[in-house]
Amino acid sequence: MDSLLKKHGNALKNTALILMLALPFMLYAAALHGSILQVKLLMAIFIVNMLFVMKNG
Amino acid sequence: MTDLFFVKWILALSPILTVLVLMIFRNWSGSRAGAAGWFVALITATFAFGAHPVLIAHSQAKGALLSLNVLYIIWAALLLYNVVNETGAIKAIGIGIQRFSGDKSIQILIFGWIFASFLQGVAGYGVPIAVVAPLLVGLGFSPVVAVAVPAIGHSWSVTFGSMGASFQALMAVSGLGAPYLAPWSATLLGITTFLCGICAVHVYGGWKMVKHSALAILVIGMAMAGTQYILAVSGMWTLGGFGASLVGLCSGLVVAKLKIYNQVPPSQTQSEMGLGWALSAYFILVVIVSSGVMVPPVEAFLGQINLTLVFPEIISMKGWVTQAGKGKAINIFGHGGALLLYATIIGFLVYRSRGFYQSHALKTIVQKTIKSGVPTSLGIVSMVCFAMIMDHCQMITVLAEGISRVFGSIYPLVSPWIGLLGAFMTGSNTNSNVVFGVLQQETAQLAGLSAGLILAAQTTGGALGSMIAPAKILVGCSTVGLSGKEGPVLKATLQYGLIITGVVGVITMLFSFIR
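Residues numbered from 1 in each chain as written. Chains lettered and ligands numbered in written order. Predicted model: local features only at pLDDT ≥ 70, side-chain atom pairs only at ≥ 80, totals over all residues.

**A short note on the overall build of chain A**
The criterion, for reference: A run of H or I in DSSP becomes a helix once it reaches four residues, and a run of E becomes a strand once it reaches two; helices and strands are each numbered from the N terminus. The reference for a compact globule is 2.2 Å times residues^0.38; the radius of gyration itself is calculated from the C-alpha atoms.
Summing up its helical and strand segments, chain A has two helices and zero strands in all. Here the C-alpha radius of gyration of chain A, 13 Å, is well above what a compact globule of 57 residues would show, namely 10 Å. Each principal axis of the C-alpha atoms in chain A carries an extent, and together these give about 40 × 15 × 15 Å.

**Regarding the overall build of chain B**
Our working rule: To sort residues by burial, count the other C-beta atoms lying within 10 Å of each one's C-beta; a count of 20 or more means buried, 12 or fewer means exposed, and anything in between means partly exposed. C-beta atoms are built from the backbone.
Secondary structure assignment for chain B yields 22 helices and six strands. Overall size of chain B, expressed as C-alpha extent along the three principal axes, is 70 × 50 × 45 Å. Residues classed as buried in chain B amount to 60% of the 515 residues present.

**Examining the interface of chain A and chain B**
Cut-off, in case you're wondering: We call two residues in contact when their backbone-placed C-beta atoms lie within 7 Å. Nonpolar residues are Ala, Val, Leu, Ile, Met, Phe, Trp, Tyr, Cys and Pro. Charged residues are Asp, Glu, Lys and Arg, and all others, Gly as well, are polar.
Contacts between the two partners involve 20 residues from chain A and, on the opposite side, 25 residues from chain B. Looking at the side of chain A that touches chain B, the elements that each hand over two or more residues are α1 (2-32) and α2 (36-56) of chain A. When grouped by side-chain class, the residues that make up the side of chain A that touches chain B number 16 nonpolar, two polar and two charged.

**Describing the nonpolar core**
Where a protein is soluble and globular, its nonpolar side chains tend to be buried together. Our working rule: Under the definition applied here, buried Ala, Val, Leu, Ile, Met, Phe, Trp, Tyr and Cys residues are grouped into a nonpolar core through C-beta atoms within 7 Å.
By size, the foremost hydrophobic cluster in this structure holds 197 residues, and its most contacted members are Ala77, Leu80, Val147 and Ile389 of chain B. Per-element accounting of this core gives the leading share, 22 residues, to helix α3 (residues 53-85) of chain B.

**Points about the packing of α2 of chain A against α3 of chain B**
Note the cut-off: Axis definition: a line fitted to C-alpha atoms, limited for helices to the stretch in contact. Angles are taken between N-to-C directions and run from 0 to 180 degrees. An angle counts as roughly parallel when it lies under 35 degrees, as roughly antiparallel when it exceeds 145, as roughly perpendicular when it falls between 65 and 115, and as oblique in every other case. Note on convention: the crossing is left-handed when the near helix lies turned anticlockwise from the far helix by less than a right angle, right-handed when the turn is clockwise.
The interhelical angle for the contact between α2 of chain A and α3 of chain B, taken along N-to-C directions, is 60°, at an axis separation of 10 Å. With respect to α3 of chain B, the element α2 of chain A is oriented oblique. By crossing handedness, the relation of α2 of chain A to α3 of chain B is classed as left-handed. Residues Ile36, Val39, Lys40 and Met43 of chain A of α2 of chain A touch α3 of chain B, and the partners they reach there are Pro53, Val54, Ile56 and Ala57 of chain B. Among the residues making up the contact of α2 of chain A with α3 of chain B, the classes are represented as seven nonpolar, no polar and one charged.

**Describing α1 of chain A**
Selection rule: Working rule for helices: expected span equals 1.5 Å times residues minus one. One axis is fitted to the seven residues ending at the residue and one to the seven starting there. The bend at that residue is the angle between these axes.
A rise of 1.5 Å per residue sets the reference length of α1 of chain A, with its 31 residues, at 45 Å; its end C-alpha atoms lie only 39 Å apart and thus fall more than 12% short of the reference. A maximum bend of about 75° is found in α1 of chain A at histidine 8 of chain A. Listing the buried residues of α1 of chain A in full gives Lys13, Ala16, Leu17, Met20, Leu23, Pro24, Leu27, Tyr28, Ala30 and Ala31 of chain A. The elements touched by buried residues of α1 of chain A are α2 of chain A together with α3 and α16 (361-392) of chain B.

**Examining the environment of valine 137 of chain B**
Residue and element names in this part refer to chain B. Note that valine 137 resides in helix α6 (residues 127-138). Along the primary structure valine 137 and tyrosine 351 are separated by 214 residues, whereas in three dimensions their C-alpha atoms are 29 Å apart. Residues contacting valine 137, with those up to four places away along its chain left out, are Pro143, Ala146 and Val480.

**Regarding helix α8 (residues 165-174) of chain B**
Residue and element names in this part refer to chain B. The element α8 is extensively covered by neighbouring structure, given that ten of its ten residues are classed as buried. Three or more residues of α8 are buried, namely Ala165, Ser166, Phe167, Gln168, Ala169, Leu170, Met171, Ala172, Val173 and Ser174. Taken together, the buried residues of α8 touch α3, α9 (178-212), α15 (336-353), α16, α19 (429-446) and α20 (451-464). Once α8 ends, the next one or two residues include glycine 175, with phi positive near 75°.

**Observations regarding unusual backbone geometry**
Residues and elements named next belong to chain B. The backbone of histidine 360 sits at a positive phi, close to 65°, despite the residue not being glycine. For histidine 360, the location among the structural elements is in the loop between α15 and α16. Positive phi, normally seen in glycine, also occurs at glutamine 394, with a value near 70°. Of note, glutamine 394 is situated in the loop between α16 and α17 (395-407).

**Some points on the environment of histidine 392 of chain B**
Residues and elements named next belong to chain B. Structurally, histidine 392 is set in helix α16. By the C-beta count within 10 Å, which is 25 here, histidine 392 ends up buried. Once the C-alpha coordinates of histidine 392 and lysine 368 are considered, the two residues, 24 residues apart in sequence, prove to be 37 Å apart. Other than its neighbours up to four places away in sequence, histidine 392 contacts Leu55, Ser59, Ile314 and Thr322.

**Some words on the confidence of the model for chain B**
Rules: Looking at any residue, its pLDDT shows the predictor's confidence there, from 0 to 100.
Across chain B, the average pLDDT comes to 87, with 95% of residues at 70 or higher. Among the prediction metrics, the complex's ipTM stands at 0.95, with pTM recorded as 0.77.

**Digging into the packing of helix α5 (residues 104-122) of chain B against helix α11 (residues 240-255) of chain B**
Residue and element names in this part refer to chain B. Contact geometry for α5 and α11: axes closest at 7 Å, N-to-C directions at 150°. The orientation of α5 relative to α11 falls into the category roughly antiparallel. Two packed elements cross with a definite hand, and for α5 against α11 that hand is left-handed. Where α5 abuts α11, its residues Leu109, Ile110, Ile114, Ser117, Phe118, Gln120, Gly121 and Val122 lie against Gly241, Phe242, Ser245, Leu246, Gly248, Leu249 and Gly252.

**Regarding the environment of alanine 76 of chain B**
Residue and element names in this part refer to chain B. The residue alanine 76 is located in helix α3 in this model. Overall, the presence of 25 C-beta atoms within 10 Å leaves alanine 76 in the buried class. On a C-alpha basis, the gap between alanine 76 and threonine 397 in space is 34 Å, while along the polypeptide they are 321 residues apart. When neighbours within four sequence positions are excluded, alanine 76 is seen to be in contact with Gly337, Leu340, Leu341 and Thr344.

This is the structure we're talking about:
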């Protein structure tokens with residue numbers, strides 16, 4: 001896991017940034033359509049992304 | 001404060017406290033600490049302040065819109081800096097300045113006060129300290145002085161530097177416009193211009209050298225503070241730091257020719273690139289930003305496409321209401337970041353046509369921009385997002401109410417210290433404004449004070465925090481071989497940072513009486 005992070009660390013950070021900026025708009029769309037399940041699912045992905053940033057940001 | 005309110009207040013403070021503790025005591029980066037703060041905000045908001053998934057979803061979308069507004073400028077500024085730096089122009093500007101005076105106090109002022117501020121105006125994010133510190137070592141200054149001088153000297157220009165990214169963040173989170181915020185901010189930052197100049201000289205030569213350079217500080221300080229004020233209040237706040245330091249550079253070169261500063265002969269080192277060519281990208285920038293802001297037909301043409309989202313009214317499970325309304329709009333072609341991009345592209349083409357680039361320069365420029373832009377952006381987005389969660393769950397209002405109850409009418413004395421604290425913990429005036437901007441605004445309103453004045457004190461404190469932010473000191477120390485020995489530099493900058501912030505607090509207090 002650590003070697004994978006070391007090897008692809010920069011690419012993963014770039015992806016994390018893109019996700020951090022894209023997921024909120026997907027959350028907004030899901031919330032506006034009243035799809036709570038989608039909101040919860042997207043929140044779970046957002047939380048995982050934030051965990052990655054907290055560990056490797 | 002009742003016991004229950006105190007517990008609520010501590011819980012509301014916990015995300016900010018988390019970021020502080022992790023950055024100061026555990027040496028976490030801004031992005032990692034910001035993400036940790038986001039988790040604490042999410043948990044506290046859900047279990048103690050009645051947040052629900054839909055509320056979190058909308059708050060994060062607002063956060064992303066705010067972040068994009070700030071990141072647009074940050075990425076464009078970084079790209080411009082790398083386009084210029086890759087030609088060797090930054091080095092050429094340094095050599096060009098050095099040819100004007102051999103006087104140590106003038107060298108300190110021109111490099112550590114003016115040129116560092118100029119770099120803050122065009123790049124920021126630690127670049128001024130990283131570039132100026134090695135130049136000062138090359139001129140014979142000790143490494144500690146070489147890092148401390150630009151750290152102190154550039155602080156006044158941070159808010160309106162980096163194409164006004166910090167000021168943009170302050171406007172975005174407070175919802176207040178430049179005409180309301182700029183006059184107070186430019187006034188307080190104008191006063192710190194002189195204080196930063198005095199302290200930068202004092203670090204090296206004590207009061208004797210301050211006395212020797214008093215005339216230069218007065219003349220250059222008036223030129224820079226005055227220019228910054230005029231640019232900020234006339235709507236050209238994106239050029240506030242850059243324009244002021246450019247005028248400072250011109251006045252500094254004139255002052256350097258005075259007899260009292262010409263006892264020692266200047267350096268005769270030549271650079272491959274002339275000063276005019278080195279500065280050409282910035283001249284292009286001035287023309288583009290001036291046209292984009294001051295020529296109404298151009299402004300109207302560029303401002304045709306604005307992206308935003310409409311948010312419905314959100315009510316937390318505890319009954320806290322966030323009004324419906326539009327989020328922060330992004331003016332795709334007229335945004336400060338867009339103007340920077342136009343200047344960057346033209347500047348790149350000009351430098352390339354003159355043959356200033358090595359092969360593969362474009363690839364290097366892009367790589368360097370991404371390398372420094374991503375960590376900064378991760379920190380900003382995570383902090384903006386947790387600030388938005390706090391804002392949607394009454395947490396910021398609770399914090400503001402507590403501070404207002406304790407400090408009441410003497411709050412203006414405290415407000416710059418909060419800005420300083422924010423910049424110290426996050427390494428950024430922008431992040432400090434994002435995290436504490438709304439808190440300061442609401443506290444000011446509760447205490448019956450001018451929000452414009454208090455937010456000006458916030459951003460001034462945030463700007464001054466740059467001189468003591470470990471993140472920036474670390475960058476400077478790494479360029480002069482002081483890695484792992486940052487303590488003496490931080491000790492030097494800390495005392496000046498605390499004194500100037502104290503003075504700003506007193507001045508804010510006085511202004512609050514006479515406004």
